[in-house]
Amino acid sequence: MNDQAIMENLLLTTKGMCDLYMHGAVESTTQNIHQAFDTALGDSLCMQDDIYKQMTAKGWYQVEQADAQQMAQVKQKFAQAN
């Protein structure tokens with residue numbers, strides 16, 4: 001397994017952790033539990049951002065820009081749904 005594959009796995013795992021912590025915070029029944037999930041979410045988001053920045057710097061995470069026509073089509077689709 002090369003470094004890029006390891007970083008991709010770390011990024012996916014961290015994104016999954018963020019999702020779980022977010023749901024834990026939303027569903028928590030006490031302030032203490034909510035705060036624990038909220039803190040864990042914040043820490044995980046920082047880790048995700050660090051991994052993303054490292055991958056981007058190495059050219060391992062390419063972001064494709066949506067063109068204006070694609071964005072207009074999506075906006076129109078959702079405007080019609082309302």
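Residues numbered from 1 in each chain as written. Predicted model: local features only at pLDDT ≥ 70, side-chain atom pairs only at ≥ 80, totals over all residues. Heavy atoms only, no water.

Visitor: Any chance you could explain the packing of aromatic side chains here in plain terms?
Guide: One pair of aromatic rings is described through two measures. These are the centre distance and the angle between the planes. Enumeration over the complete set of coordinates arrives at two aromatic pairs. Summarising the aromatic geometry, the rings of Tyr21 and Phe37 are spaced 6.4 Å apart at their centres and angled 50° between planes, so their arrangement reads as tilted. In this pair, Tyr21 sits in helix 1 (residues 3-27) while Phe37 sits in helix 2 (residues 31-57), placing the two residues 16 residues apart along the sequence. Plain terms: the ring middles of Tyr52 and Tyr61 are 5.1 Å apart, the flat faces sit at 80° to each other, and that makes the pair edge-to-face. With a relative accessible area of 27%, Tyr52 lands in the partly exposed category. Residue class for Tyr61 comes out partly exposed when judged on its relative accessible area of 27%. (Phe/Tyr/Trp six-rings, centres within 6.5 Å; stacked < 30°, edge-to-face > 60°. Helix = DSSP H or I, 4+ residues; strand = E, 2+ residues; numbered from the N terminus. Buried < 20%, exposed > 50% of the residue type's maximum accessible area, 1.4 Å probe, protein only.)

Visitor: For this particular structure, what's the right way to read helix 2?
Guide: An α-helical segment advances 3.6 residues per turn. Residues three or four places apart therefore align on the same side. A rise of 1.5 Å per residue sets the reference length of helix 2, with its 27 residues, at 39 Å; its end C-alpha atoms lie 39 Å apart and thus fit the reference within 8%. Along helix 2, the positions that sit buried rather than exposed are Ala40, Leu41, Ser44, Gln48, Ile51 and Met55. Among the structural elements, helix 1 are those in contact with the buried residues of helix 2. Of the residues trailing helix 2, Gly59 is marked for its positive phi of about 80°. (Expected span 1.5 Å × (residues − 1). Contact = heavy atoms within 4.5 Å.)

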